[in-house]
Amino acid sequence: MKVKTPYAIQDELSKMLDFLASFGATENNGVSRLLYSSPWIRAQQALKEVMHSFGFQTHFDDVGNLFGRIEGTVEREQVILTGSHIDSVIEGGKYDGAYGIVASLLAAKELFQKNGKPKKTIEVVSLCEEEGSRFPLSFWGSGSITGKHHFDEIHSLTDDDGIPFKKAMAAAGFGLNNYPNPRRKDIACFLEVHVEQGIILENSRQTLGVVSHIVGQKRFTITLTGQSNHAGTTPMNARKDALATACDLIHHLTNKAKQQSDLVATVGNIQVKPNVVNVVAGEATFTLDVRHHQKETLTTFCSEVFDYFHKTTDEQNIKLNITQWMDDEPVKMDETLMSKMTKMIKKEKIPFRQMVSGAGHDSQVFGTFCPTALLFVPSHQGISHSPKEYTKPEDLATGVNILTSFLYELAYT
Ligand SMILES: [Zn+2]
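Note that the structure is a prediction, hence the values are computed from the model and not measured.

Participant: I would appreciate a short explanation of unusual backbone geometry in the present structure.
Facilitator: Note: most residues except glycine have negative phi, and most peptide bonds are trans. Cis peptide bonds are those with omega within 30 degrees of zero, and the linkage from Lys 273 to Pro 274 qualifies with 0°. Phi at Glu 91 is positive, roughly 55°, even though this residue is not glycine. With respect to the helices and strands, the residue Glu 91 is situated in the loop between strand E3 (75-85) and helix H3 (98-115). Its relative accessible area of 24% is what places Glu 91 among the partly exposed residues. Here the phi dihedral of Asn 275 falls at roughly 65°; this positive angle occurs in a residue that is not glycine. Take Asn 275: it is sitting in the loop between strand E10 (270-273) and strand E11 (279-280). Owing to a relative accessible area of 61%, Asn 275 belongs among the exposed residues under this scheme.

Have a look at this one:
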């Protein structure tokens with residue numbers, strides 16, 4: 001299939017992105033579109049109308065994922081699913097998630113108008129939730145489709161205003177058995193395009209990133225307990241200073257992370273007790289977030305770092321407690337889809353690279369469920385989750401064009 005000149009769709013793309021950004025628009029030119037909120041409902045309804053006007057069959061599932069379907073003529077039960085998430089963070093930008101939905105809509109529309117019905121069924125999906133911005137749960141949309149999430153998980157969840165998850169869902173019209181159960185067994189593959197949310201593509205002057213892996217993440221809370229004491233009368237060699245020891249551990253782990261290619265380790269939060277100028281700290285608690293795309297590297301890094309933690313705290317007479325509360329494994333994208341996509345990009349002579357995603361995406365949930373491909377376009381200055389999020393219109397259009405050709409190859413040939 002001949003790829004269109006980017007200019008042909010730039011206009012339509014930016015109009016649709018602006019249209020979507022109007023649902024939940026904030027004073028600072030940002031977007032706040034939280035799950036089951038009024039802007040969220042209006043955005044999903046508006047998208048349903050757009051899908052309908054393109055000639056797609058539309059339906060919601062019982063958690064609020066929206067689908068626009070073009071039924072295949074040969075393999076109807078082998079659905080090629082493409083899309084991204086409609087929810088945003090608080091004061092987010094207009095590209096995160098929304099771009100993937102708009103790209104999929106325009107690609108599917110173009111193919112349907114030019115070539116009629118595909119051999120395999122194409123469905124464009126506007127996933128109800130990915131960010132975890134309203135309730136303490138993320139990937140509710142993709143997780144419900146793939147069976148990672150279930151209704152029984154949400155009973156005790158409330159948002160910051162104390163509104164129960166179930167109540168918010170019911171107020172939006174979902175979770176009441178009015179729509180089909182979200183669980184699907186007919187998905188042949190999932191394709192997502194997304195803004196990079198990092199600076200790698202822009203720095204290397206490349207237009208597209210073919211994602212090979214989405215990083216695994218481990219998160220911990222580490223508490224050191226020593227003894228609070230007088231800052232003036234306690235000699236240095238008689239102290240059990242939890243904060244001084246914490247500094248040693250943080251310094252060690254940060255240095256070690258720097259020596260490891262592609263690994264990132266972050267201590268983003270530290271709490272000290274009693275947190276007083278003239279008292280030796282009796283307790284220090286810090287968080288640790290470690291990410292890499294190879295499971296073994298992650299595990300080895302953590303175990304070596306924790307060996308050092310144990311040794312050091314023993315020597316300094318400090319009690320150590322390590323609690324792990326996240327253990328998401330790295331997810332590999334499908335190699336066949338990746339190589340097909342790469343071939344297509346090379347043919348069009350578009351500057352690209354293969355890369356790892358350091359951020360989480362719906363593709364990581366689909367990636368353990370069905371063959372999945374994730375394609376990035378650049379984020380200006382790497383900024384995301386901010387009203388300043390920006391991607392050049394020509395780059396956005398290139399992403400749509402590649403998705404269109406890719407969908408054509410998978411569904412029509
Ligand atoms: Zn996103």
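Participant: So what exactly am I meant to see when it comes to helix H8 (residues 295-315) here?
Facilitator: Along an α-helix, residues three or four apart share an orientation, since each turn contains 3.6 residues. Across its 21 residues, H8 extends 31 Å between first and last C-alpha, which sits within 8% of the 30 Å expected from 1.5 Å per residue. Every buried residue belonging to H8 is among Thr 297, Leu 298, Phe 301, Cys 302, Val 305, Phe 306, Phe 309, Thr 312 and Thr 313, and all of these are buried. All buried residues of H8 project into a common sector of 150° when viewed along the axis, lining one side. Exposed and oriented more than 90 degrees from the buried face of H8 are Glu 296, Asp 307, Asp 314 and Glu 315. Buried positions along H8 lie against strand E7 (216-225), helix H7 (242-258), strand E9 (264-266), strand E12 (283-292) and strand E13 (319-328). Remark: Asn 317 follows H8 within two positions and exhibits a positive phi of approximately 65°.

Calculation notes
Residues numbered from 1 in each chain as written. Predicted model: local features only at pLDDT ≥ 70, side-chain atom pairs only at ≥ 80, totals over all residues. Heavy atoms only, no water. Helix = DSSP H or I, 4+ residues; strand = E, 2+ residues; numbered from the N terminus. Buried < 20%, exposed > 50% of the residue type's maximum accessible area, 1.4 Å probe, protein only. Expected span 1.5 Å × (residues − 1). Arc of directions from axis to C-beta. Contact = heavy atoms within 4.5 Å.

Keep in mind these numbers describe shape, not what the thing actually does.
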